[in-house]
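Structure at a glance
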Amino acid sequence: MGIADQFKDKAKDLADQAQKKAKDGKGDGQNRSQDASGRVSDASEQGRDKAQGAADDMREKFDR
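My aim in this report is to walk through the structure given alongside it, one point at a time. Predicted, not measured: the structure shown is a model, and the values here were computed from it.

**Let's talk about the overall build of the chain**
Of regular secondary structure, the chain possesses one helix and zero strands. Taking all 64 residues of the chain together, 0% fall into the buried category. When the accessible surface of the chain is totalled, it reaches about 6,000 Å², and 51% of it is carbon and sulfur.

**Quick word on the pattern of salt bridges**
Enumeration over the complete set of coordinates arrives at two salt bridges. A salt bridge links D16 to K12; the shortest N-O distance between them is 3.4 Å. Of the two residues, D16 and K12 both sit in helix 1 (residues 3-63), four residues apart, roughly one turn of that helix. R59 is the partner of D56 in a salt bridge, and the nearest nitrogen-oxygen pair spans 2.8 Å. Of this pair, D56 and R59 both sit in helix 1, separated by three residues, roughly a single helical turn. Owing to a relative accessible area of 31%, D56 belongs among the partly exposed residues under this scheme. Here R59 falls in the partly exposed class, since its relative accessible area comes to 47%.

The rules we used
Residues numbered from 1 in each chain as written. Predicted model: local features only at pLDDT ≥ 70, side-chain atom pairs only at ≥ 80, totals over all residues. Heavy atoms only, no water. Helix = DSSP H or I, 4+ residues; strand = E, 2+ residues; numbered from the N terminus. Buried < 20%, exposed > 50% of the residue type's maximum accessible area, 1.4 Å probe, protein only. Areas by Shrake-Rupley, 256 points an atom, 1.4 Å probe, with all protein chains shown as cover. Salt bridge = Lys/Arg side-chain N within 4 Å of Asp/Glu carboxyl O.

Any functional reading would require information that these geometric values do not contain.
Below, the structure is given as structure tokens:
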């Protein structure tokens, strides 16, 4: 077996590994996306709550 054949075999092995990782990684990517969306939603809800609290505090302060 020549060097060219060894390179071809190695390239095929690496391509097969890349395809397998791409297939296996699809579920992980979806889960990470859902987790990130949940965190963004939680953070925006917390931000709204803080803003509402600050607005309420200012109303109370100036209504006196």
